[in-house]
Structures are given as structure tokens and as C-alpha cells.
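# Summary of the model geometry
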Amino acid sequence: MSFASPLFLWYFLPAVLAAVLIAPRAGRNAVVAVASLLFYASGAGGTTALLLACIVVNFLVGRHLEPDEWDLNRSRRRGLLIGTVVFNLSILAVWKYAGFATAQLAVLTEWFGGEFPVLQLALPIGISFYTFHHISYVVDIYRGERPALRDPVSFVTYISMFPQLVAGPIVRYREIADQLPQHRSHRLDDIAAGFPRFAWGLTKKVVIADTLAPMVNACFATPAEDMTFAIAWLGALGYTMQLYFDFSGYSDMAIGLGRMLGFRLPENFARPYSSVTITEFWRRWHMSLSRWFRDYVYIPLGGNRRGTARTYRNLAIIFVLTGFWHGAAWTYLVWGLFHGALLVVERATGWDRSPAGAPARIARRALTLLLVVCGWVFFRAPDLGTAFMVLGHMLVPDLSGLTDVVAASMTNQRAVFLLLALVVVLLPANSGTGPFLESVRSRPANALRVAVLTVGLLYSGLLVATGSFSPFLYYQF
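Now for a description of the structure that goes with this document. (Residues numbered from 1 in each chain as written. Predicted model: local features only at pLDDT ≥ 70, side-chain atom pairs only at ≥ 80, totals over all residues. Heavy atoms only, no water.)

Check the secondary structure of the protein and you find 20 helices and 0 strands. Computed over its C-alpha atoms, the radius of gyration of the protein comes to 23 Å, within 12% of the 23 Å expected for a compact globule of 477 residues. Along the longest, intermediate and shortest principal axes, the C-alpha atoms of the protein span 70 × 60 × 55 Å. Split into buried and exposed, the 477 residues of the protein put 52% on the buried side. Within the protein, contacts between residues at least 6 apart in sequence are counted, and of these 77% link residues at least 24 apart. For the protein, the centre of its 39 positive side-chain charges and the centre of its 27 negative side-chain charges are spaced 8 Å apart. (Helix = DSSP H or I, 4+ residues; strand = E, 2+ residues; numbered from the N terminus. Rg over C-alpha atoms; globule rule 2.2 N^0.38 Å. Buried < 20%, exposed > 50% of the residue type's maximum accessible area, 1.4 Å probe, protein only. Contact = heavy atoms within 4.5 Å. Lys, Arg positive; Asp, Glu negative; His and termini not counted. Charge placed at Lys NZ, Arg CZ, Asp CG, Glu CD.)

The next subject is the pattern of salt bridges. One pass over the structure, following the stated rule, counts 15 salt bridges. A salt bridge links Arg174 to Asp140; its shortest N-O distance comes to 3.3 Å. Placement of Arg174 in helix H8 (residues 173–176) and of Asp140 in helix H5 (residues 127–142) is noted, with a sequence separation of 34 residues between them. Note on Asp140: relative accessible area 0%, which makes it buried. Asp295 is the salt-bridge partner of Arg294, the closest N and O atoms lying 2.9 Å from each other. Asp295 sits in the buried class, given a relative accessible area of 7%. (Salt bridge = Lys/Arg side-chain N within 4 Å of Asp/Glu carboxyl O.)

By size, the foremost hydrophobic cluster in this structure holds 134 residues, and its most contacted members are Phe8, Tyr273, Trp285 and Trp376. Here this core takes 16 residues from helix H10 (residues 229–260), the largest share from any one element. Filtering out sequence-adjacent residues up to four positions away, Tyr273 remains in contact with Thr240, Met241, Tyr244, Phe281, Trp285, Arg365, Leu369, Val372, Trp376 and Val425. (Core = buried A, V, L, I, M, F, W, Y, C linked by side-chain atoms within 4.5 Å.)

Now for the packing of aromatic side chains. One pass over the structure, following the stated rule, counts 47 aromatic pairs. Taking the centre distance of 5.3 Å and the plane angle of 80 degrees together, the rings of Phe12 and Phe162 count as edge-to-face. Of this pair, Phe12 sits in helix H1 (residues 6–22) while Phe162 is found in helix H7 (residues 162–165), placing the two residues 150 residues apart along the sequence. Between Tyr244 and Phe245, the ring centres sit 5.2 Å apart and the planes meet at 80 degrees, which makes this aromatic pair edge-to-face. Per residue, the accessibility class of Tyr244 equals that of Phe245, and both read buried. If you follow Lys96 out to its NZ or CZ, it ends over the ring of Trp325, 5.5 Å from the centre. Here the basic side chain of Arg364 rests over the ring of Trp351, its NZ or CZ set 3.9 Å away from the ring centre. (Phe/Tyr/Trp six-rings, centres within 6.5 Å; stacked < 30°, edge-to-face > 60°. Lys NZ or Arg CZ within 6 Å of the ring centre and 35° of its normal.)

Attention now moves to H1. Across its 17 residues, H1 extends 23 Å between first and last C-alpha, which sits within 8% of the 24 Å expected from 1.5 Å per residue. The sharpest bend along H1 comes to roughly 35 degrees, located at Phe12, with the proline Pro14 sitting one to four residues further on. Those residues of H1 not exposed but buried are Phe8, Leu9, Phe12, Leu13, Val16, Leu17 and Val20. (Expected span 1.5 Å × (residues − 1). Bend = angle between axes of the 7 residues up to and from the residue.)

A separate point is a nonpolar patch on the surface. Among the surface-exposed residues, Leu105, Val107, Leu108, Trp111, Phe112 and Phe116 lie close enough to one another that they form a single nonpolar patch of about 670 Å² accessible area. Positionally, Leu105 belongs in helix H4 (residues 74–111). Take Leu105: its relative accessible area is 39%, and that puts it in the partly exposed class. (Patch = residues over 30% accessible without salt bridge, like charges linked within 9 Å, V, L, I, M, F, W, Y side chains within 5 Å. Areas by Shrake-Rupley, 256 points an atom, 1.4 Å probe, with all protein chains shown as cover.)

Turning to the packing of helix H3 (residues 48–62) against H4, a few remarks are in order. One way to put it is that H3 packs onto H4 with a least axis distance of 11 Å and a crossing angle of 170 degrees. Taken as axis vectors, H3 and H4 run roughly antiparallel relative to one another. On the side of H3, the interface is formed by Leu50, Cys54, Val57, Asn58 and Val61, while H4 contributes Leu80, Thr84, Phe87, Asn88, Ile91 and Trp95. Looking at the contact of H3 with H4 residue by residue, the class counts come to 8 nonpolar, 3 polar and no charged. (Axes fitted to C-alpha atoms, helices over the stretch in contact; angles between N-to-C directions. Parallel < 35°, antiparallel > 145°, perpendicular 65-115°, else oblique. Nonpolar A, V, L, I, M, F, W, Y, C, P; charged D, E, K, R; others polar.)

Interaxial distance between H1 and helix H2 (residues 28–44) falls to 9 Å at its minimum, and their mutual angle equals 160 degrees. With respect to H2, the element H1 is oriented roughly antiparallel. In this structure, the crossing between H1 and H2 has a hand that is right-handed. Note on element contacts: H2 touches H1 through Arg28, Val31, Val32, Ala35 and Phe39, opposite Phe8, Phe12, Val16, Ala19 and Val20. Here the residues of the contact of H1 with H2 are counted per class, giving 9 nonpolar, no polar and 1 charged. (Left-handed = near helix turned anticlockwise from the far one by under 90°.)

Okay, H3 next. Here H3 contains 15 residues, and its C-alpha end-to-end distance of 21 Å stays within 8% of the 21 Å for a straight helix at 1.5 Å per residue. By the burial criterion, the buried members of H3 are Thr48, Leu50, Leu51, Cys54, Ile55, Asn58, Phe59, Val61 and Gly62. Buried positions in H3, seen along its axis, are confined to an arc of 165 degrees and lie on one side of it. The inward-facing, buried residues of H3 contact H2, H4, H5, helix H6 (152–160) and H7. (Arc of directions from axis to C-beta.)

Here Thr277 lies in the loop between H10 and helix H11 (278–284). Owing to a relative accessible area of 0%, Thr277 belongs among the buried residues under this scheme. Side-chain polar atoms of Thr277 contact the backbone nitrogen of Glu280, separated by 2.9 Å. With residues near it in sequence (within four places) discarded, Thr277 still touches Glu346, Trp351, Asp352, Arg353, Arg364 and Thr368. (Polar contact = N/O pair within 3.5 Å; in protein donor to acceptor, adjacent residues only side chain to side chain.)

Before going further, it helps to examine unusual backbone geometry. Positioned with a positive phi, Arg271 is a non-glycine residue whose angle comes to about 50 degrees. Residue placement: Arg271 occurs in the loop between H10 and H11. The backbone of His286 sits at a positive phi, close to 45 degrees, despite the residue not being glycine. Among the structural elements, His286 can be located in the loop between H11 and helix H12 (287–298).

In this fold, Pro117 is placed in the loop between H4 and H5. For Pro117, a relative accessible area of 63% gives the class exposed. For the pair Pro117 and Ala103, spaced 14 residues apart in sequence, the C-alpha to C-alpha distance is 8.0 Å.

Laid out in C-alpha cells, this is it:
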């Protein structure tokens, strides 16, 4: 059940909001928890049992991880924490990566004339996200940053909350622990504050991202012998816009939904294509993932406190993990290594510091965006061969145009929306128009904003009603 589906928009969401408004304050978390499990089961089916098993294990372990006054049982707690983290990562490894690992072993075995069985498991929806939520929960308790939850309903609410369960944002336990007790009020105010954010996210997803999707698919499906400079760049730029408006649109919808339910979820994007360095890009893109890796992997590894060599090693580890977190494929690993190498180069050369002066900032922003666009080719391509083929054509200009298939996919409507998307992200960060179009975060209502949201919401509703929507891109992770 997608946020951009008639079932969710016209039946599920109104029913949940009505139940939240009617329920007494003490039962509000129960409404969210039950609705979230139903939402998840509608798409996950039998793998819902895996989510429930992880919830039970982590909830039962959590209360035994709290430090006592003198911390006399620190070694026992540490062993229990390690065991729980290993359990969570093992679940993720088996269900998400076992098929990829056995496929590589099968290829290797075939070279020597043997056979190796390939394990094929259905990827549970949202497993990458709820695994990270569980790890955040037990680690934050072990560190003494927040107490363990005694109420199982509140814990189920945190882990399975449907706005963020399937594709984030990744909510660290410390960020939401104080919101889980049953003391939230002003429910109509929350709905009024959250709905515009949800509506804007729906518009970004359905009107822009989904409109660009057929054109992007046609470009990346072009055979090597028909690929041209124009097709390669059209596909790369189109996907750069599609991915941003799809994923940031989902995040806007999730944050808006969370607010309507009474929760304040963390921001996930901050105009990432305005960045003047790759380092800054990762402070602005998928910020909840970057914060999670920083707090639970990078800093425990030593961060940048143990010398230059260790810092570079830690950055490399983080981005190998970031790549593989997104998917079990060599393309994601290369994408992660690409960004990790760029961060190491920036830190080694001092390029990670923002330049002074408008001309230098404009040039650095253009270079950063160019590198990001090239990186997205690995992210989108079905395999490394296709990725290198597309990049090769992007680097060698030719006079060939679009094939008939790509030209047919490049309708006037898609050309307009691609141009609009490019204008939105390329506007200067201080122009005021760009932030207005990209986010409605804490901005006062005015006639223009109301008009844009109204037209966008009506058009989005029309597209949803006609079936002109697709699953969110990050559902696959």
C-alpha cells in the first residue's frame, strides 16, 4: 500500500486519522501501532512475522541494557548488546544479501567446473530501515542516552510507525523517545500542520518524479549500439531529478504524516543539489542515514580523532557500507566507493571547505553536481557494464540525437517538468524561490503557497485516480 495509492489516500489514511481523533489520549499509540502493522502486512504478507520477531527480541533485550548507578554489570551488558546487534545484522544479511553472496559463489564455482546453489529469498519491505531502528534503540539504551521502553505498545509504535517504516527517514531512538509517552495533545493542530507537508510531498512524487520515470527508463533501456551522447545525458539528468523528487517527496509525506499523528520526525533533505562539495552534499542528502552511520559506525571506529590514515579508512568503510546498504549489487558498491573516494580526496586537499566568493562557489557547485550526476548512473544502471557504457557516452560528444523510442518517451509534458525540476534545484540557495518550491518547512501560509499546493494536490489526486503513479524508488531498499 503506497502513500500515492487510492487505497491509502481515500480509505486508510482518513480512517486512521479519524481513529486517532476519536481515541482517548491513552489509546493513541495503540491506534498507530495497529494501523502500522496492518499497513505493513498489506505489502509484506508473510514476512510480517520477521518484523514481529525482531520487535519481540529487541524489546525484551532493551530493558536489560540500561546501566545501573555504578554500572557493575557493564561487561554483561556489553555482551548482550553485541549479541543483539549481531542478531539484527544477521537477519538483514540473510534476507537481503544471502542471494547476492550465493550468486557470486555460484559464478566462482562455475569457473572451476562445479555448481553452487543460489539462495533466493523475497526481500522483506523496509528491512534495511527497521533493522537500523532496532540497532539505534539498543545502542542508545546501552549508552544511557535514553531509558528502555516498558510499554510494548510504545515500542511497536516506534519501530512500525507507518510513515517511516518502509523508506525512512531513519529515526534514531533518542530523537523520538520523549515523544512516545501518552501526553500528546492538540491533535487538530497537528493535522493542520502536517497536511501541507504531506500534500507537497505527494505533488513532488506524482507530478514530477512519476512523470519523468518513463523517459528515464527508456534512456537506460537503450541498447549499447544505439546509445548516444544525448540519450546518456538525458537519462542521467532525468534520473537525478526523478530520484530527488521521488525520495524527498516520500520524506515530505512521511514527515507530514508523522506530524498528523502527533510525532515530529527528523528532516531528511536540505537542498542537496545546492552543495559546493561532496562533503556538504552528504550533510544535505538522506541526512538521517548519514547521521545514523556517523553515530553508530564512524564515531565508534574513531572518527577523525586517530590520525589521517584512520580517518580515511573510516570514511572508506562508511561508504562501502552505505553502498551495500542500498542494495546487494556491485553497482551500489561502486557508487559508495566513488563517493567515499571523493570525500577522501576533498579532505586530503582541503577541498571540503566551502570557497569564498560567488564565482568560486558557482564553479564548485557545478562541479559537485556533475560528480553527483555521474555517480547516480551507477545507482540507476542495472549492472556495471551498462553504467560504464552510459558514462562513456556522456564523456564523448557526438552529433547523434535520440532514438525513436526515447524520442517518443520525451513528450512535451515531460520536457516541461524536467526543465522545471532543473530550475528548482539550480536556483541559488539564497534566492528564496528554490527553498519555497522544495520544502514547506516552517513557512507561513500565503496566497502563492496555497495556490501552488491546491493545484498540485488536485493534479496529484487526478493522476492517482487514473493509476498514473508508481512505487517509491526507495521501497526496493
